[in-house]
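# Summary of the model geometry
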Amino acid sequence: MLFHCPEQGCYSEFTSSEELQDHVHLGKHSEIKASESLYDSLRRDWAMKFSSLTLESKIATLEVTGKVKSEVCKMGWALQKTRGSGTRFTEKVKGYLSSRFQTGERTGRKADPAQVAAEMRKAREADGARKFIRSEWLTKNQVQSYFSRLSATKRRRAAKDQEQDANDEDEEESAYLEHRVRTKEVADVISEIGLTHPILFDGHNICDHVNHDTLRKFKVTTLREMCAFFEIAFKARDLKATLLKKLNDMVTECICFQEIYEGYS
């Protein structure tokens, strides 16, 4: 059994405890073991290095490391580049894509983005020149993205048109209801004053005569009888024109005249 020196860094070994005690009392410690390998020496050095670290030295090391990392980040190392704006399509490319999209919408056979992207590389003008230069060629994803924007724009426009149609229908319905109310009011007024359509006198439809301007065919005596029948005030010396005007004014209060007037307006 061997006895080892308890002093850190000393590798002395003894066969008895008495020899070990004498060694400790003398204080002659052996720093390097003769049979120590390189691996053991490295392990010993690392152990001594880290066992001597204090809390303050660790904090200082972290601060220095953080400062270095911060400086490196400021220099732009390993930072992702800011994305720029998307590639702008030329007007010729936009027109081509819009035409393909609209054709698909009109025929029901929607264009395939992959096929459109491939055909752009081979498309030619009437004179045989290439329609698009290499920088104008698009990928499948670019074509699909543009088609999606066109589709979204179409849906928004359709929704707006539908909303406008609904508003127009509401306005038409409101106007119709207003017309019905006004017509009823006119009918109520006519009913109160005793006039109902058609206004008749001795079998003659006075409304039709006024509307067709044939009331003037009647004699003055007959016109006076009409005024008396409808309780229209007149004088014995009133001329034919005056009597016709009084009868015309009466017919303007009839519902048929209101409908004709509104039809012209």
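The structure this text deals with has already been given above.
A few points on the structure. (Residues numbered from 1 in each chain as written. Predicted model: local features only at pLDDT ≥ 70, side-chain atom pairs only at ≥ 80, totals over all residues. Heavy atoms only, no water.)

The phi dihedral of D213 falls on the positive side, at around 55 degrees, and the residue is not glycine. With a phi close to 60 degrees, E231 is a non-glycine residue in the positive phi region. Mapping E231 onto the fold places it in the loop between α8 (220–229) and α9 (240–251). A relative accessible area of 73% means that E231 is categorised as exposed. (Helix = DSSP H or I, 4+ residues; strand = E, 2+ residues; numbered from the N terminus. Buried < 20%, exposed > 50% of the residue type's maximum accessible area, 1.4 Å probe, protein only.)

Let us look at the pattern of salt bridges. It is possible for side chains bearing opposite charge to pair when their charged atoms get close. Counted under the stated rule, the structure contains eight salt bridges. Salt-bridge contacts for K110 lead to E105; the nearest nitrogen and oxygen are separated by 4.0 Å. When its relative accessible area of 64% is taken as the criterion, K110 is described as exposed. Judged by relative accessible area, which is 28%, E105 ranks as partly exposed. Residue K154 is joined to E105 by a salt bridge in which the shortest nitrogen-to-oxygen separation is 2.5 Å. A residue pair is termed long-range when its members are at least 10 positions apart, and K154 in helix α6 (residues 140–192) and E105 in helix α4 (residues 91–107) qualify at 49 residues. What makes K154 partly exposed here is its relative accessible area of 39%. Connected through salt bridges with shared partners, the residues E105, K110 and K154 form a single ionic network. (Salt bridge = Lys/Arg side-chain N within 4 Å of Asp/Glu carboxyl O.)

Another point: the packing of aromatic side chains. Summed over the entire model, instances satisfying the criterion amount to four aromatic pairs. Look at Y96 and F132: their rings are 5.1 Å apart centre to centre, the planes differ by 75 degrees, and that puts the pair in the edge-to-face class. On the criterion of sequence distance, the pair formed by Y96 in helix α4 and F132 in the loop between α5 (113–122) and α6 is long-range, its members being 36 residues apart. The exposure class assigned to Y96 is buried, which follows from its relative accessible area of 15%. Considering the side-chain rings of F101 and F147, the 5.8 Å spacing of their centres and the 45 degrees angle between planes classify their relative orientation as tilted. Remark: F147 occurs in helix α6 and F101 occurs in helix α4; sequence separation between them is 46 residues. Across the pair, exposure class does not vary: F101 and F147 are buried alike. (Phe/Tyr/Trp six-rings, centres within 6.5 Å; stacked < 30°, edge-to-face > 60°.)

Here the focus is a positive patch on the surface. On the surface, R121, R124, R130 and R134 cluster together into a patch of positive charge. Structurally, the position occupied by R134 is in the loop between α5 and α6. Judged by its relative accessible area of 64%, R134 falls in the exposed class. (Patch = residues over 30% accessible without salt bridge, like charges linked within 9 Å, V, L, I, M, F, W, Y side chains within 5 Å. Areas by Shrake-Rupley, 256 points an atom, 1.4 Å probe, with all protein chains shown as cover. Lys, Arg positive; Asp, Glu negative; His and termini not counted. Charge placed at Lys NZ, Arg CZ, Asp CG, Glu CD.)

Another point: the nonpolar core. If you look at the biggest cluster of nonpolar residues, it comprises 19 residues, and the most contacted ones within it are I199, I206, L215, L223, M226, L247 and M250. With five residues, α9 is the largest single contributor of residues to this core. Those residues in contact with I199 that lie beyond four places of it in its chain are H204, N205, I206, C207, F230, M250, V251 and C254. Membership of the second largest hydrophobic core comes to 16 residues, among which are F101, A111, A123 and F132. (Core = buried A, V, L, I, M, F, W, Y, C linked by side-chain atoms within 4.5 Å. Contact = heavy atoms within 4.5 Å.)

It is worth spelling out the side chain of E136 at this point. For E136, the location among the structural elements is in the loop between α5 and α6. Taking relative accessible area as the criterion, E136 reaches 12% and is therefore assigned buried. Among the polar contacts made by the side chain of E136, one reaches the side chain of T90 at a distance of 3.1 Å. (Polar contact = N/O pair within 3.5 Å; in protein donor to acceptor, adjacent residues only side chain to side chain.)

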